[in-house]
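# Survey of secondary and tertiary structure
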Protein chains: 2
Amino acid sequence: MNPHFRPVALDHASRLINHGPTVLVTTAHGARRNLMAAAWSMPVEFTPPRIAVVIDKHTFTAELAAASGMIGICIPGAAIAALVHAVGSESGRDHDKFERHGIAARPGPVLGVPWLEDGCIACLEGRLLREPHAEDAYDTWFAEVVAAAADDRVFSGGRWSVSDDHPELQTIHHLGGGLFARAGNVIRT
Amino acid sequence: MNPHFRPVALDHASRLINHGPTVLVTTAHGARRNLMAAAWSMPVEFTPPRIAVVIDKHTFTAELAAASGMIGICIPGAAIAALVHAVGSESGRDHDKFERHGIAARPGPVLGVPWLEDGCIACLEGRLLREPHAEDAYDTWFAEVVAAAADDRVFSGGRWSVSDDHPELQTIHHLGGGLFARAGNVIRT
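Residues numbered from 1 in each chain as written. Chains lettered and ligands numbered in written order. Predicted model: local features only at pLDDT ≥ 70, side-chain atom pairs only at ≥ 80, totals over all residues. Heavy atoms only, no water.

Moving on: the overall build of chain A. Scanning chain A from terminus to terminus reveals 5 helices and 14 strands. Relative to a compact globule of 189 residues, whose C-alpha radius of gyration would be 16 Å, chain A shows 15 Å and is just as compact. Expressed along its principal axes, the backbone C-alpha trace of chain A runs to roughly 40 × 35 × 30 Å. Every one of the 189 residues in chain A was classed for burial, and the buried ones make up 57%. In chain A, the proportion of contacts linking residues at least 24 apart, taken out of those at least 6 apart, comes to 65%. Summed over all atoms, the accessible surface of chain A reaches about 7,000 Å², with 50% contributed by carbon and sulfur. Placing the 16 positive and 21 negative side-chain charges of chain A at their respective mean positions leaves the two points 2 Å apart. (Helix = DSSP H or I, 4+ residues; strand = E, 2+ residues; numbered from the N terminus. Rg over C-alpha atoms; globule rule 2.2 N^0.38 Å. Buried < 20%, exposed > 50% of the residue type's maximum accessible area, 1.4 Å probe, protein only. Contact = heavy atoms within 4.5 Å. Areas by Shrake-Rupley, 256 points an atom, 1.4 Å probe, with all protein chains shown as cover. Lys, Arg positive; Asp, Glu negative; His and termini not counted. Charge placed at Lys NZ, Arg CZ, Asp CG, Glu CD.)

Residues and elements named next belong to chain A. Residues of helix H2 (residues 60-68) that are buried: Phe60, Thr61, Ala62, Leu64 and Ala65. Considering only its buried residues, H2 is in contact with strand S2 (23-29), strand S3 (32-38), strand S6 (70-76), strand S9 (120-129) and strand S10 (140-151). Positive phi appears at Gly69, one or two residues downstream of H2, with a value of about 75°.

This part is about the interface of chain B and chain A. Each partner contributes residues to the interface: chain B has 47 residues there, and chain A has 47 residues. Both sides of the chain B and chain A interface together cover about 4,200 Å² of buried area, and 59% of this is carbon and sulfur. The largest share of the area that chain B buries against chain A comes from Trp40(B), Tyr138(B) and Leu175(B), three residues that together contribute 19% of it. The tally of links from chain B across to chain A stands at 0 salt bridges. For the pair chain B and chain A, the interface holds 18 residue pairs in polar contact (both at pLDDT 80 or more). When residues of the side of chain B that touches chain A are assigned to their parent elements, the largest contribution, 10 residues, is made by strand S14 (residues 179-188) of chain B. Relative to S14(B), strand S14 (residues 179-188) of chain A runs antiparallel, the two sharing 7 bridges. (Buried area = accessible area lost by both parts, 1.4 Å probe. Salt bridge = Lys/Arg side-chain N within 4 Å of Asp/Glu carboxyl O. Polar contact = N/O pair within 3.5 Å; in protein donor to acceptor, adjacent residues only side chain to side chain. Pairing = 2+ DSSP bridges.)

This part is about the sheet that holds S14(A). Across the sheet, which stays open at both edges, the 4 strands sit in the order S13(A)-S14(A)-S14(B)-S13(B) with antiparallel pairing between neighbours. Whereas interior strands pair on both sides, the edge strands pair on one side only; in this sheet they are strand S13 (172-176) of chain A together with strand S13 (172-176) of chain B. Averaged over all pairs of adjacent strands, the angle between strand axes in this sheet comes to 45°, irrespective of strand direction. (Axes fitted to C-alpha atoms, helices over the stretch in contact; angles between N-to-C directions.)

Our next topic: the pattern of salt bridges. For side chains bearing opposite charge, pairing can occur when the charged atoms are close. Applying the stated rule across the entire model yields 14 salt bridges over all chains. Notably, a salt bridge pairs Glu144(A) with Arg50(A), separated by 2.9 Å at the nearest N-O pair. With Glu144(A) in strand S10 and Arg50(A) in strand S5 (residues 50-54), the pair connects residues that are 94 residues apart, well separated along the chain. Notably, a salt bridge pairs Asp96(B) with Arg33(B), separated by 2.7 Å at the nearest N-O pair.

Let us now look at the packing of aromatic side chains. As enumerated under the stated definition, the model contains 6 aromatic pairs over all chains in all. When the ring of Trp40(A) is compared with that of Phe46(B), the centres are 4.9 Å apart and the planes differ by 65°; the resulting orientation is edge-to-face. Placement of Trp40(A) in the loop between S3 and strand S4 (41-45) and of Phe46(B) in the loop between strand S4 (41-45) and strand S5 (50-54) is noted, with the two residues assigned to different chains. Judged by centre distance (5.2 Å) and plane angle (75°), the ring pair of Phe155(A) and Trp160(A) falls under edge-to-face. (Phe/Tyr/Trp six-rings, centres within 6.5 Å; stacked < 30°, edge-to-face > 60°.)

A few words on the side chain of Ser41(B). Position of Ser41(B) relative to the elements: it lies in strand S4. In contact with Ser41(B), not counting residues within four places along its chain, are Ser41(A), Met42(A), Ile17(B), Pro21(B), Val23(B), Ala52(B) and Val53(B).

At an RMSD of 0.0 Å, chain B and chain A line up after a rotation of 180° and a shift of 0.0 Å along the axis. Taken together, the rotation and translation relating the two chain copies correspond to the operation of a two-fold axis. By C-alpha distance to the rotation axis, the residue of chain B lying nearest is Gly20(B), at 1.9 Å. Looking at the interface residues of chain B, 100% of them are also at the interface in chain A, so both copies use one shared face. (Least-squares fit on C-alpha atoms with pLDDT ≥ 70 in both.)

All names here are of chain A. In this structure, the amide linkage connecting Thr47 to the following residue, Pro48, adopts the cis form with an omega of -5°. Within the secondary structure, Pro48 sits in the loop between S4 and S5. The phi angle at Asp139 is positive, at roughly 55°, despite the residue not being glycine. For Asp139, the position within the fold is in the loop between helix H5 (132-138) and S10. A positive phi angle, near 45°, is found at Asn185, a position not held by glycine. Tracing the backbone shows Asn185 in strand S14.

Moving on, we get to the pairing of S6(A). Residue and element names in this part refer to chain A. Counting buried positions along S6 gives 7 out of 7 residues, so the element sits mostly inside the fold. On S6, burial covers both faces: Met70, Gly72, Cys74 and Pro76 on one face and Ile71, Ile73 and Ile75 on the other are all buried. Looking at chain direction, S2 and S6 are connected through 3 bridges and run antiparallel. Pairing of Thr26 across the sheet is with Gly72, part of S6. For S6 and S9, the ladder comprises 7 bridges, and the chain directions are antiparallel. In the sheet register, Gly72 faces S9, and the bridge partner there is Glu125.

Below is the structure:
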């Protein structure tokens, strides 16, 4: 795992996706596992930490999430932007994307969903709050975060410290078509 | 209005918030109007263009949205980051925030919700898709976009062209506590 990872207090967990980064959604059930890119996620509450993420109901990720009742959310740094785009452009139904792309993962601390070992600056585990209507009508899945960790070079004590000195650790924000903006050039209002 | 605004095809409208910018939610009903900052929004579908946004059910914005059945979404550029933080830190129940902050607005083209004249790089109008349970349990409101416009210096033909040459036109992404990252330093994967 990223040796800079430190546990994040649950009250601070929603802040990890507060600024709209593209994330990787990981799932596992039995012997199967998967990951996909998701540009569409957001917090919906700080305490308890709850989030929403859009997962197309026809995907393998949706199938594993529904079967297991849980998801992982890993926040990639800019260093792995190409990988994020690659895993967002294929289905994991017929092959294991972790193996195909040489992605190392370990089980998260509470639920055991896959957390990426390298290239991510934060990971969360979420227990699904099943909402059949929202899932069906809007592909919108809700989850309560039960564990989180972040790279203490960019998130510590509940606060972001985004620096242009570490561009590889900046979050990426999908503009469409494989084009990502990085979050940097901080403004303090 | 921003003289660089051009209409955006509805099929491209969801892409305007694809990368997770902090937005301004505008509302109007009868003689009352309001605007608030919302860090938490996301698209949920491209066609038809549908979005979700978190609006605390106890806010004046929620009251006007529920009464009118519609919202505006304006995407601020970095030039007005301080204003975004200011209008996100007060309630409009007792005063008109537009007047207090000297914000000019004009009615959007289809629904007539307020669109900011200055400092924003895109605006959308959304007709609410009322979901009482999601609104109550998660403060999550869904809407279908019925009109959109964007500054053609940064969004044209359905594509973003984010440039570090125009930092004032970059979107802002709230890290917490009045700290915003700007979306720039584009990576093409």
